[in-house]
Amino acid sequence: MAYLATNNYFEDKDFVDKWLYTMRTGELDLSWMNAATEKVKPKEANPRRGLTYRDIDLGSYGYTDMPEKVRRNRSYAPRGAEIPEGVPDAQPWVSRKSELWAFNTESYYEEAVSRQWNATTDIPWDRLEGVELPENIGKSLSQLMTFLTEVEMIATDTPAMWLPRLNPDFIEVRSFIASQAMDEARHAEVFRKRALTTGWGLMQASPMNEMALKHLRDADSFSEMSVALHLVAEGNVLTLFRFSEYLSPTDVDKRIFRLVMQDEARHVGYGMQHFKYVLEHFPEKREVLHAHLDEAENISFAGAAATELTEAFIILAGGGMKQENIEEGIKITTKFNLKQMQEHFERLDKCGMPERRERSKLYKMYEMGVAAAQAAGINLN
Amino acid sequence: MGVSFPSTDYFEALKARMVEQDEKFRRLGYIDTTFGVAVGQNGKARNFILEFEVFDLKNVREVASIDLKQVDFVLEGDSPVWREMIENIKRNGQADASHDINTLAHFGERLKIRYDDPDGHDKLYRFMESIQEFFDLSSKLDVSF
Amino acid sequence: MAFYAEKDYTEDETVLEAANKVMQGQLGLHWYDAKTEKVKGKPADFRRGLTYKDLDIGSYGYTAIAENLRDSKSMVSRGSEKVGKLPDMGYVVNRKSEVWSDNVAALYEEAKARRWVPATDIPWSELDKNPLAPEMEAACAQLYTFLQECTQITLDFPSRWVALVNQDFLEQKSWMCAQMLDGSRLFEVFRKRALFGGSGLKRASVHAEQGLKEWLWAETYPQGSVSINLALAGLLLAIYRHVAAFAPSRVDAAIMRYAMQDAGRQVAYGSGQLRYYTRHRPLEIPAMEQYVDDAEHVMLALLGSPEILEPLIIISGRGLDAAEVRAGRIAVLRFIRLAVQEYLERISAAGLKGHSKRSRIPQFIDRIDGPA
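Basis of the calculations
- Residues numbered from 1 in each chain as written.
- Chains lettered and ligands numbered in written order.
- Predicted model: local features only at pLDDT ≥ 70, side-chain atom pairs only at ≥ 80, totals over all residues.
- Pairing = 2+ DSSP bridges.
- Helix = DSSP H or I, 4+ residues; strand = E, 2+ residues; numbered from the N terminus.
- Axes fitted to C-alpha atoms, helices over the stretch in contact; angles between N-to-C directions.
- Contact = placed C-beta atoms within 7 Å.
- Nonpolar A, V, L, I, M, F, W, Y, C, P; charged D, E, K, R; others polar.
- Parallel < 35°, antiparallel > 145°, perpendicular 65-115°, else oblique.
- Buried ≥ 20, exposed ≤ 12 C-beta atoms within 10 Å, placed from the backbone.

S.K.: Would you mind going over the sheet that holds strand β6 (residues 112-114) of chain B with me for this structure?
M.R.: Each strand in a sheet pairs with its neighbour through backbone hydrogen bonds, running either in the same direction (parallel) or in the opposite one (antiparallel). Residue and element names in this part refer to chain B. With mixed pairing, the 5 strands of this open sheet are ordered in space as β4-β3-β2-β5-β6. Strand pairing shows two members of the sheet lacking a second neighbour, β4 (56-63) and β6, which therefore form its edges. Put simply, the sheet's adjacent strands are angled 25° from each other on average, direction ignored. The sheet contact formed by strand β2 (residues 33-41) and strand β3 (residues 44-53) spans 9 bridges and is antiparallel. Paired with Ala-38 across the bridge in β3 is Asn-47. Across the sheet, helix α1 (residues 8-20) is in contact with β3 and β4; its angle to β4 comes to roughly 180°.

Following this line, the structure appears as structure tokens:
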């Protein structure tokens, strides 16, 4: 057993006697009634929205007044409760607010709880009855779904493994992370379900992309994990979902991608707001995050060699495998690739890291890609 | 009764239908975004600002121009594109695979998405299903152009 | 950084070549004839939708997962074709019997179908219209403080383990994610309720937290699962049922009904996991018995902590007068007996058959010379 309580309660005579005495006599201790805690009276700011975490952001219970460094609590006591001597140490790794906080964290969580959907019943699976996609479209769709099933569970594992490492005082972030884990599980589910309804089943794994997934898991700090996962990887995947919706062969696929993009955009939103927060409140981290972005972008770029995905996209975008389809598919896929990178740098700019473009090798690749696309007559808008 | 597009009456009519389908929109979840709709006509544009809050369209108004800093994003397109979308929704009961918002806007070829802040831009996707269902309520209106 | 990519790909000619070749129209299509099973799943019942059970087919199904996963160390989705150099993600739970429960796919589906929203599904304003007496509100504040401590643990347990569980156990991992959302939602509703009542939070419990940490930090998943998913969840379910029965307000009744649903699923999984484990690993039964013997004292810490015992008495008796406390004691004693009885029934039904005889808990319960 990795932890043993300070008492074995079978052997703790004082504890047992007190319990039995209370039960026998009804003499209550009631010292908890005088806990040195704050009395507050929250109100629903908007009854239609219900009672939100923002409504209870009050005094010692709130997140606004949390200190940058949480020194008071390392136990499982909820923020604001009286903490007696003797509570255990929850062994958090992260007790500094700027290392995990995001502007509006609480509303991302409330939105997640409010916008949960169900891959089993919210997708009109019945509309697939009698749908037979051409072989090349069906296989390409299955290959895309196969890739996405690989991606999604890492997006569950990575934040989830950080959750118990976060000081229990960071309630709203822990809650957001829990909601994200559920979102990603649902994504893995819906993509798997779609692959297994195409008639082709799952297709081939993507070793190059798996390496990227390994990178996401092995970050040194929560901020580094977040920038690689929420901002870079999920930012790329959000663009990919929009692209996939655009070229979806059925309205069932359209709905799948519309629903998953809602969740993904929320995660990217959290990532952006955390990135802003950490740059503003923990400026010493800027160089560390640059260094992590160097690695994340390197791996992002390596995705170009994951041809099992690019080829599937080209076929889906072009509508088939004839030469004219492939040519059209390449044009559209090129636009997608460049849009993905463009949006990545836009986000970094807006978060307060405009100098990233100067340092980034990926940005140079982006500029070369834009020039090549323009030379090939591809309209990038 | 018919409504014309573009007009605040059109969006008010969608708002009324949204209230009628409260349960459906509650099920989809909070929608907290303010965005613009710009409809190009003969080189000019008619601009509308839609403010969504909680589960509802709280307010819609027509404005002379849209300041991108005051909204999350703007959906912008020429009148024929909007008309094609609305007629498609009417015909099918909802937008078909070629006429949903994301497809029309993805590469900016038919509708364009304009924004100042990528975070605001991403709200289109955060609330995508509610926004799509909102426009799909056009199927219940008689719209003239 | 614990992991670096093998090279700088922006300067790697092979990446550029591979990408350029494809973008020039020379598709390699190495994936096109993937050696995988061709299936076309469909819902057995369209009203229920497309469930994981509907897709429990051949090499993709969960029924066919082997007990020992030796060739699955990466994120490759079960049933896909594995090619090339795939990373080892460091899973430590690679035996089906260590995590599986026959009801896990159904529980995951149920968790999604029975979603609820604390902000909007609880009639919060009722509490403003009909505020509780101060001592009742204080008791509620203490009860909900305690319940927040417990749900920190039910949230942490799946979070600690999910990344360590092999990806082939997809439905299991998905269920653990659903448990995480359940945990955060329950924590949220308990916190909101405590603060909305106006008394603030009260006191954390040393005894409960010490015990909970021992359970949470169990060395193996099956041990932790027995403690958290069966014992703790079963106890919480009993508390939710009890408070619902004596609910001082419509708000508390609504909260407890939702909490019951979530805890009921957790207990179903905890019992199912122990059942699966004991059925498939009979040689491990004595070791599990030993673990339960050693860890079971925590149940006393949870039942006997004044931070839960006293508010339960006040809520059950509806006040602090002598007669109310007496009534409360009687109700709480019945609650304790019921909670322990159900715990022993579950653990016995799940495969530790002789456990009710060896458990030391009943002898302490019998010593309560209560008025019941």
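S.K.: Explanation requested: the interface of chain A and chain B in the structure shown.
M.R.: Accessible area lost during the coming together of the parts is what is often quoted as the interface size. Across the contact, 31 residues belong to chain A and 23 residues belong to chain B. The set of elements that each furnish at least two residues to the side of chain A that touches chain B consists of α2 (105-114), α6 (222-246), α7 (251-281) and α10 (323-351) of chain A. Among the elements that make up the side of chain A that touches chain B, the one with the highest residue count is α7 of chain A (11 residues). When the residues that make up the side of chain A that touches chain B are grouped by side-chain class, the tally is 8 nonpolar, 7 polar and 16 charged.

S.K.: I'm lost on the pairing of β4 of chain B in this one. Help?
M.R.: Residues and elements named next belong to chain B. In terms of strand pairing, β3 meets β4 through 7 bridges, oriented antiparallel. Following the sheet pairing, Glu-53 is matched in β4 by Asp-56. Between β3 and β4, which pair antiparallel in sequence order, lie 2 residues; one of them, Val-54, sits at a positive phi of approximately 60°.

S.K.: Help me out: how do you make sense of the packing of α7 of chain A against helix α6 (residues 128-136) of chain B in this one?
M.R.: Helix-helix packing is described using two parameters, namely the angle between the two axes and the distance between the axes. α6 of chain B packs onto α7 of chain A with a crossing angle of 135° between their chain directions and a minimal axis gap of 8 Å. With respect to their mutual orientation, α7 of chain A and α6 of chain B come out oblique. On α6 of chain B, the residues touching Arg-258, Leu-259, Met-261 and Gln-262 of chain A of α7 of chain A are Met-128, Glu-129 and Gln-132 of chain B. When grouped by side-chain class, the residues that make up the contact of α7 of chain A with α6 of chain B number 3 nonpolar, 2 polar and 2 charged.

S.K.: Please explain the environment of Gly-317 of chain C as it appears in this structure.
M.R.: Residue and element names in this part refer to chain C. Here Gly-317 shows up in helix α12 (residues 306-317). Among the residues examined, Gly-317 registers 23 C-beta atoms within 10 Å and is labelled buried. Each C-alpha atom, one on Gly-317 and one on Ala-139, is 11 Å from the other, the two residues being 178 residues apart in sequence.

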